[in-house]
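# Coordinates in review
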Amino acid sequence: MNFAGRRARQAVRISRNESPPMRQQFNDAMKEAMKAGDKARLSTIRLIIAAFKDRDIVARGEGKGEASDEELMQTLQKMVKQRADSISQFEAAGRQDLVDKESAEKAVIESFLPQQMSAEETRAAIAAVIAETGAAGMKDMGKVMGALKAKFAGTMDFSKANGVVKELLTAG
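Residues numbered from 1 in each chain as written. Predicted model: local features only at pLDDT ≥ 70, side-chain atom pairs only at ≥ 80, totals over all residues. Heavy atoms only, no water.

## Focus on the packing of aromatic side chains
Put simply, the rule reads: Think of it this way: a Phe, Tyr or Trp ring, Trp meaning its six-membered ring, pairs with another when their centres are within 6.5 Å, and the plane angle makes it stacked under 30 degrees, edge-to-face over 60, tilted otherwise. Numbered from the N terminus, helices here are DSSP runs of H or I no shorter than four residues, and strands are runs of E no shorter than two. Whether a residue is buried, partly exposed or exposed follows from its accessible area with a 1.4 Å probe, protein chains only, as a fraction of its type maximum: under 20%, in between, or over 50%, in that order.
Under the counting rule described, the total for this entry stands at two aromatic pairs. Seen from their ring centres, Phe26 and Phe52 are 5.1 Å apart, and the 85° between their planes marks the pair as edge-to-face. Placement of the pair is Phe26 in helix H2 (residues 21-36) and Phe52 in helix H3 (residues 39-61), with a sequence separation of 26 residues. The residues Phe26 and Phe52 share a single accessibility class, namely buried. Measuring from centroid to centroid gives 4.4 Å for Phe26 and Phe112, while their planes differ by 45°, and the two rings are tilted. Placement of the pair is Phe26 in helix H2 and Phe112 in the loop between helix H5 (96-110) and helix H6 (119-133), with a sequence separation of 86 residues. On the basis of relative accessibility, which here comes to 1%, the residue Phe26 falls in the buried class. Counting every residue linked through ring pairs, the aromatic cluster contains Phe26, Phe52 and Phe112.

In structure tokens form, the structure reads like this:
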């Protein structure tokens, strides 16, 4: 494939404005971090963009196109979870330097995620979904979790929600 052909396809893509808004947000953030000289933020944003490209490669292998914004959001959530796990392991090993690095990366990644629901909001949302679905016991937990994931993807921590759902279903 020649260089001119590649440039022509890029020009067509740009003229159609096919670049997903979320990806553009990260490219813009990377440029801002470069201009500001914020090396830590720049490094983390580059890690995020690399993770997105890895996700695209996997999607292409499965016969899909680029990863959707929802899939990219899941990638960000996975990255936050990885950082949290690393932080706890580094704290146990007494490596404060690595704890600080991972904490900084986690903060940058979280800045791109939607605001998470508080514990009270989560409990209220779960109670509302239990009432909507008519869940009566633990056998309905899958139905409740599915409805929660459909309604609150990206804004609710489902690992914490799982315990609250169990609590409310066994109490009610």
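Now, onward.
## Examining the nonpolar core
Here is a general trend for soluble globular proteins: nonpolar side chains tend to be buried in one another's company. We apply this condition: The criterion is simple. A nonpolar core is a set of buried Ala, Val, Leu, Ile, Met, Phe, Trp, Tyr and Cys residues joined through side-chain atoms within 4.5 Å. Two residues qualify as a contact provided that any one of their heavy atoms is within 4.5 Å of a heavy atom in the partner residue.
By size, the foremost hydrophobic cluster in this structure holds 21 residues, and its most contacted members are Phe26, Ile45, Ile48, Leu76 and Phe112. Of all the elements in the fold, those that place two or more residues in this core are H2, H3, helix H4 (69-93) and H5. Considering each element in turn, this core owes the most residues, six residues, to H3. Contact partners of Ile45, with chain neighbours within four places excluded, come to Phe26, Ala29, Met30, Ala33, Val108 and Phe112. The next biggest cluster of nonpolar side chains, apart from the first, holds 16 residues, and it includes Ala125, Val129, Met145 and Phe152.

## Observations concerning H2
As a reminder of what qualifies: Here the expected span of a helix is defined as 1.5 Å times the quantity of residues minus one. In this context, the arc is that of the directions from the helix axis out to the C-beta atoms.
With 16 residues, H2 should cover 22 Å at 1.5 Å per step; its first-to-last C-alpha distance of 22 Å lies within 8% of that length. Residues of H2 that are buried include every one of Met22, Arg23, Phe26, Ala29, Met30 and Ala33, and no others. In an axial view of H2, the angular spread of the buried residues amounts to 120°, which keeps them on one side of the axis. Across from the buried face of H2, at angles greater than 90 degrees, the exposed residues are Pro21, Glu32 and Lys35. Buried-residue contacts for H2 involve H3 and H4. Looking one or two residues past H2, Gly37 carries a phi angle of roughly 75°, positive in sign.

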